[in-house]
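Next come the chains, spelled out residue by residue.
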Amino acid sequence: MLDELLLLAPPPRAALLGEVRVLRDLALMLPALHRPVTASARLSNASPVLVLPGYGAGDASTYPLRRHLARHGVACEGWGLGMNRAGLNLKHTLADLHPSWGAPLKQPYRGEGGVAYLCTRMVEHVARRAEALGQPLTLVGWSLGGTIAREVARDLPQAVNRVITMGSPIIGGPKYTAAARALRRMGLDLDWIEAQVAARDARPIQQPLTSIISRSDGIVGRAAAIDRISPRVRHIEVAASHLGLGFNPLVWRHVLEAISQPLDARA
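Residues numbered from 1 in each chain as written. Predicted model: local features only at pLDDT ≥ 70, side-chain atom pairs only at ≥ 80, totals over all residues. Heavy atoms only, no water.

Participant: Can you explain a nonpolar patch on the surface? Please cite residues and give values.
Facilitator: A surface patch of nonpolar side chains, amounting to about 270 Å² of accessible area, comprises Val-20, Leu-23 and Leu-26. Within the element layout of this structure, Leu-23 appears in helix H1 (residues 22-34). (Patch = residues over 30% accessible without salt bridge, like charges linked within 9 Å, V, L, I, M, F, W, Y side chains within 5 Å. Areas by Shrake-Rupley, 256 points an atom, 1.4 Å probe, with all protein chains shown as cover. Salt bridge = Lys/Arg side-chain N within 4 Å of Asp/Glu carboxyl O. Helix = DSSP H or I, 4+ residues; strand = E, 2+ residues; numbered from the N terminus.)

Participant: Describe helix H6 (residues 190-200), and please don't skip the residues or the numbers.
Facilitator: Think of an α-helix as 3.6 residues a turn; residues three or four steps apart then line up on the same face. Within H6 the residues assigned to the buried category are Leu-190, Trp-192, Ile-193, Glu-194, Gln-196, Val-197 and Arg-200. In this fold, the buried residues of H6 make contact with helix H4 (144-155) and helix H5 (180-185). At the N-terminal boundary of H6, the capping side chain belongs to Asp-189, with an oxygen 3.2 Å from the backbone nitrogen of Asp-191. (Buried < 20%, exposed > 50% of the residue type's maximum accessible area, 1.4 Å probe, protein only. Contact = heavy atoms within 4.5 Å. Polar contact = N/O pair within 3.5 Å; in protein donor to acceptor, adjacent residues only side chain to side chain.)

Participant: If you had to explain helix H3 (residues 114-133) to someone new, which residues and values would you point to?
Facilitator: Between its first and last C-alpha, H3 extends 28 Å over 20 residues, near the 28 Å set by a 1.5 Å rise per residue. Listed in full, the buried residues belonging to H3 are Gly-114, Ala-116, Tyr-117, Leu-118, Cys-119, Thr-120, Met-122, Val-123, His-125, Val-126 and Ala-130. Once H3 finishes, Gly-134 follows within two positions and takes phi at roughly 75 degrees, a positive value. (Expected span 1.5 Å × (residues − 1).)

Participant: Can you break down the sheet that holds strand E4 (residues 160-166) residue by residue, with the values?
Facilitator: Sheet architecture is open: six strands sit in the order E2-E1-E3-E4-E5-E6, paired in parallel fashion. Every other strand in the sheet has two partners, leaving strand E2 (76-78) and strand E6 (233-238) as the edge strands with one partner each. In this sheet, adjacent strand axes meet at a mean angle of 20 degrees when their direction is disregarded. Relative to E4, strand E3 (residues 137-142) runs parallel, the two sharing six bridges. Bridge pairing links Val-140 to Ile-164 in E4. Each of strand E1 (49-52), E2, E3 and E4 touches helix H2 (residues 63-71); the most contacted strand, E2, lies at about 165 degrees to it. (Pairing = 2+ DSSP bridges. Axes fitted to C-alpha atoms, helices over the stretch in contact; angles between N-to-C directions.)

Participant: How would you summarise the pattern of salt bridges if you had to cite specific residues and measurements?
Facilitator: Within this structure, the stated rule accounts for 14 salt bridges. A salt bridge links Lys-106 to Glu-112; the shortest N-O distance between them is 3.4 Å. On the accessibility criterion, Glu-112 (6% relative accessible area) is buried. Between Arg-203 and Asp-155 there is a salt bridge, and its shortest N-O distance comes to 3.0 Å. Of the two residues, Arg-203 is situated in the loop between H6 and strand E5 (209-214) and Asp-155 in helix H4; the sequence distance between them amounts to 48 residues.

Participant: Let's hear about the environment of Arg-129: which residues, and what values?
Facilitator: With respect to the helices and strands, Arg-129 occurs in helix H3. Taking relative accessible area as the criterion, Arg-129 reaches 23% and is therefore assigned partly exposed. As a C-alpha pair, Arg-129 and Arg-24 span 105 residues in sequence and 35 Å in three-dimensional space. What Arg-129 contacts, discounting residues up to four positions off in sequence, is Glu-77 and Leu-137. Polar contacts involving the side chain of Arg-129 include one to the side chain of Glu-77, which spans 2.9 Å.

Participant: Outline the layout of surface pockets, listing residues and values.
Facilitator: One way to see where empty space is left: roll a probe the size of a water molecule over the atoms. Taken as a whole, the largest pocket encloses approximately 730 Å³ of empty space. Residue lining of the largest pocket: 38 residues in total, with Tyr-55, Ala-86, Leu-144, Pro-169 and Pro-174 positioned closest to the centre. Those elements giving two or more residues to the lining of the largest pocket turn out to be H3, H4 and H6. A class-by-class count of the residues in the lining of the largest pocket yields 25 nonpolar, ten polar and three charged. In this structure, the second largest pocket encloses a volume near 190 Å³. Taken together, Ala-32, Arg-35, Pro-36, Val-37, His-68, Arg-71, His-72, Pro-249, Leu-250, Trp-252, Arg-253 and Leu-256 make up the lining of the second largest pocket. Every element with two or more residues in the lining of the second largest pocket is listed here: H2 and helix H7 (249-260). (1 Å grid on protein atoms, 1.4 Å probe; cavity = no way out; pocket = protein on both sides within 12 Å on 5 of 7 lines; lining within 4 Å. Points joined across faces, edges and corners; volume = space filled by probe spheres on them. Nonpolar A, V, L, I, M, F, W, Y, C, P; charged D, E, K, R; others polar.)

Participant: So, unusual backbone geometry: which residues are in play, and what are the values?
Facilitator: With an omega of -5 degrees, the peptide bond running from Gln-107 to Pro-108 counts as cis. On the secondary structure map, Pro-108 appears in the loop between E2 and H3. Located in the positive-phi region is Ala-86, a residue other than glycine, with phi close to 60 degrees. With respect to the helices, strands and loops of the structure, Ala-86 is situated in the loop between E2 and H3. Taking the relative accessible area as the measure of exposure, Ala-86 reaches 12% and is therefore buried. Despite not being glycine, Ser-143 shows a phi value in the positive range, around 55 degrees.

Set out below in structure tokens:
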């Protein structure tokens, strides 16, 4: 059961040591990828799925999950935007953001709107893919990829029918993650980012959301991963490393189960 009294804070530095559990997740992944899939386990009417990677990763990191979904009859694809560097590697200004962000001017600007810029690009990409496929997409996002998926769904209620996140920060952007210290050293104003994230929540996401959270995440603060605003959110707690969420067969099972749920089901 989720603890409503948890304080917003990055995980303690010692929690990073627990991320070595990714080796266990990888070990469990290999036999799961080769386990036979029965006909009854295949999904016949699943929406197309687009999978977004976490910070510092690209489509290669989500290949095992996408392969697992494909073996169960789900048409899925990567996000196609290369390495997810939170937009810090992409030339942009605040004027390039989708109008829905309404981000105020900021001087000096050091890239604080980089994730919002990635969201803007993904809104365009998802809108094109949904039109080409003739139906809405399901978005699955790992860590920062889940944060981006949520914001795309917020802006595209007709093109995105559900979102599934794995270890994604919901509150504060990167402020309550293990990346906070490094980003502050780069000169980024994390309080400004947190304010923009909070402003977005004034327009809650209406689609069904499944938020998969690790009980001992060493990257994202647990309280920051809990969605207390969206009207149709379901939280699932698992015992896995943050770095291994996309490789863990139990997490895969939860993702498949969420994809299979009727869209009108209560979260």
